[in-house]
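Commentary on secondary and tertiary structure
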Amino acid sequence: MEDNIYVSHIPVLLDASLELLQIAPGGSYFDGTFGFGGHSRAIAALGGCVTATDRDPAAVATEGIRLVHSSFAEFLANDVSRYDGMLFDLGVSSMQLDDASRGFSFSKDAPLDMRMDTSREFSAYDIVNGWDEDELARIFYAYGEERYGRQIARRICERRQYTPIATTLELTEFIKGHPKRVFQALRIAVNDELGELERMLKLAPERLKPGGRLAIISFHSLEDRLVKHAFRDDERLKALTKHPVTASEAELKTNPRAASAKLRAATLV
Ligand SMILES: C[S@@+](CC[C@H](N)C(=O)[O-])C[C@H]1O[C@@H](n2cnc3c(N)ncnc32)[C@H](O)[C@@H]1O
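Residues numbered from 1 in each chain as written. Predicted model: local features only at pLDDT ≥ 70, side-chain atom pairs only at ≥ 80, totals over all residues.

**Focus: the overall build of the protein chain**
Per the secondary structure count, the protein chain includes 13 helices and seven strands. Relative to its 269 residues, the protein chain shows a buried fraction of 43%. Residue pairs at least 24 apart in sequence account for 66% of intrachain contacts in the protein chain once pairs closer than 6 positions are excluded. (Helix = DSSP H or I, 4+ residues; strand = E, 2+ residues; numbered from the N terminus. Buried ≥ 20, exposed ≤ 12 C-beta atoms within 10 Å, placed from the backbone. Contact = placed C-beta atoms within 7 Å.)

So this is what it looks like as structure tokens:
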């Protein structure tokens, strides 16, 4: 079963990540977003010692890799180690997207959930049925870049007066045409993804050895902007990538998920 999972999952921008991190045998590395462990296992195969986090309790450790079930920002806030390299492959995994019951996909019916960390209570249901129209419009616009965010928020609030909106397909029913942006916005809000990224960008340089490297793969412009600005403005860091690294034609053929991936790296000065 696990073998099949590993085979079906292809780590995004793997070669470029390994190259930018300059993996060396015996070096210590932190993988904040373990997922299926694709990047972690490749680092370990090159002789690196890997400590990893994933906030999803469904992430299963691989032999030889220390996996902690935690948000990366929470872990780093309490960590005292210094790493030669740190990697973050942000967002959801294909396992989370493909598991209909998790509620991440707008094309599969499921309870409105979208929690990466299923041990927490707060879910997309609480946002859709509890937040007021202004807050909903704000996140649809800010996190989904959805220009009809206000109208969608209004429709949600009208509809839920009668009965709660409980499932993904109930939600998509009245946002036909643009569920993707609304789902992205809800997912980011449920998991406080931008807050996690901002906290990590402050903490990661403290956990790097001098000359150590930080590599971040992001999947939408909101994340990439935060990374780009931190690498430009944080005096502790020097950017190694002027422009983000993106997937080659060859990678795109085998891994469509790589289409929106942007990799940036920096080193501790
Ligand atoms: C894109 S996948 C990583 C895939 C992984 N690089 C691989 O090759 O298998 C992202 C993973 O990071 C986890 N994740 C996202 N944000 C996180 C956070 N703030 N703290 C810890 N884990 C997080 C998700 O649960 C998901 O499993």
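**Focus on the site of the ligand**
The immediate surroundings of the ligand are formed by 22 residues, with Pro-11, Thr-33, Gly-35, Phe-36 and Gly-38 found nearest. In the shell around the ligand, the residues fall into six nonpolar, eleven polar and five charged. (Near = placed C-beta within 6 Å. Nonpolar A, V, L, I, M, F, W, Y, C, P; charged D, E, K, R; others polar.)

**A short note on the sheet that holds strand 6 (residues 237–239)**
On the basis of which strands lie adjacent, the open sheet formed by seven strands has the order 3-2-1-4-5-7-6 and mixed pairing. The open sheet has two edge strands with one neighbour each: strand 3 (65–68) and strand 6. With direction set aside, neighbouring strand axes in the sheet form an average angle of 20°. Summarising the sheet, strand 5 (residues 208–218) and strand 7 (residues 262–268) pair through six bridges and their orientation is antiparallel. Bridge assignment links Arg-213 to a residue of strand 7, and that residue is Thr-267. Those strands touched by helix 12 (residues 221–233) are strand 5, strand 6 and strand 7, and its axis lies near 20° from that of strand 7. (Pairing = 2+ DSSP bridges. Axes fitted to C-alpha atoms, helices over the stretch in contact; angles between N-to-C directions.)

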